[in-house]
Amino acid sequence: MSFTEEQITRYSRHILLPEVGGKGQKKIAQAKVFVVGAGGLGSPVALYLAAAGIGTIGLIDSDVVDRSNLQRQVLHHTPDVGRSKVQSAKEKIFLLNPDVNVETYEDRFTAANAMNYIAPYDVVIDGVDTFPAKFLINDACYFAGKPLVHGGILRFEGRVFSIVPGQSACYRCIFRQPPPPGLVPSCQEAGIIGVVAGIIGTIQATEALKLILGIGDTLTDRILDFDARKTAFREIRIKRNPRCPLCGDHPDITELFEHEQEVCQLHAPEALGIS
Amino acid sequence: MQITINGKPEEVQAGTVMDVLKQKDIDPHMVAVELNTQIVERDRLATTNVQDGDKVEFLFYMGGGA
Ligand SMILES: [Zn+2]
């Protein structure tokens, strides 16, 4: 493939970088990234990857845009309320960069379809907000051998790290299974300062680009935690756990399954104290 | 004895990882625990001793994303 003059101008600030150059920009243009969830994390990831000129962005989400999403899900604008998130996302990506091929899937990511969905992609991004989905993505990427960039956000905090299956620690190496239901709240229940989604999501996009380009030191075998109240990052060194139920020496998990979805304990109006 | 918890030096009573969790009032189901960069599985929290100078990381679950 070769770039048009317009594309050379569009990507000129990348091409100027010795670590990227024309060769790296071609790698970006040929790369396929699968983003699970077109919400708080999925928005900055998809927008920055689109701007960067990623060849194909796959987006899966079964939700429609809710007004309460607009505080952080920057892919979606006010007129999108009530519309399919993946459709809304596709339009924004096209406006930003028509070079990008956007594949949309208005569907839930399940144990039954996960392997099929991720198969064509080079890198997978976790932008989901339930523990069962986070564990499912981790397991699917391990079985498919796909690099995964994990992200999590809650209140004023965020977490991000990358997983190269078989080489670096996976989510289950650290967190064996979801917490007991009701113990750890979700964003919907506990709130989230919108900008944290942007901070963590843009780091996820950075990791995806580095994994594609094969440059720098990725966030493998280290977890990066961010606290917006202190504006402080903390890095926790991790390593593969020989007792990991998925990627350890004697795994008990040999096929995909879904942990049971926790039942929401709080309902928004009561939690907000405005009912 | 003094140990480092999440990067900060702290004075705790000698004991197991579970004892430290109790002193810090942390529900063991809420965290993954790393002792000197090794994960301590939940079934070993009560049998793994913490020594003076150890580095402990408590990693709380963070499940949001949307
Ligand atoms: Zn593992």
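If you're wondering where the values come from, they're calculated on a predicted model, not measured in any experiment.

Considerations on the interface of chain B and chain A
A common way to report how large an interface is uses the accessible area buried once the components associate.
1) Next: Between chain B and chain A, the residue contacts involve 17 residues of the former and 35 residues of the latter.
2) Next: Breaking the side of chain B that touches chain A down by element, the ones donating at least two residues are strand E4 (31–35) and strand E7 (55–60) of chain B.
3) Next: Its residues assigned to classes, the side of chain B that touches chain A shows seven nonpolar, seven polar and three charged.

Here we look at the sheet that holds E4 of chain B
Residues and elements named next belong to chain B.
1) Next: The strand order across the open sheet formed by five strands is E2-E1-E7-E4-E5, and the pairing between neighbours is mixed. Two strands bound the open sheet, and with one partner strand each, they are strand E2 (8–11) and strand E5 (38–40). Adjacent strand axes in the sheet meet at a mean angle of 35 degrees, parallel and antiparallel pairs treated alike.
2) Next: Bridge count between E4 and E5: three bridges; the pairing is antiparallel.

Thoughts on the sheet that holds strand E3 (residues 101–105) of chain A
Within a sheet, adjacent strands bond to each other through the backbone by hydrogen bonds, running parallel or antiparallel.
Residue and element names in this part refer to chain A.
1) Next: With mixed pairing, the eight strands of this open sheet are ordered in space as E3-E2-E1-E4-E5-E6-E7-E8. Edge strands, defined here as strands with exactly one partner in the open sheet, are E3 and strand E8 (232–237). Adjacent strand axes in the sheet meet at a mean angle of 15 degrees when their direction is disregarded.
2) Next: Sheet topology note: the strand E7 (residues 222–227)/E8 ladder contains six bridges and is antiparallel. If you follow Asp225 over to E8, its bridge partner there is Arg234.
3) Next: Lying on the sheet, helix H7 (residues 131–144) is in contact with strand E1 (32–36), strand E4 (123–126), strand E5 (148–154) and strand E6 (157–163); it crosses E4 at an angle near 170 degrees.

The rules behind each value
- Residues numbered from 1 in each chain as written.
- Chains lettered and ligands numbered in written order.
- Predicted model: local features only at pLDDT ≥ 70, side-chain atom pairs only at ≥ 80, totals over all residues.
- Contact = placed C-beta atoms within 7 Å.
- Helix = DSSP H or I, 4+ residues; strand = E, 2+ residues; numbered from the N terminus.
- Nonpolar A, V, L, I, M, F, W, Y, C, P; charged D, E, K, R; others polar.
- Pairing = 2+ DSSP bridges.
- Axes fitted to C-alpha atoms, helices over the stretch in contact; angles between N-to-C directions.

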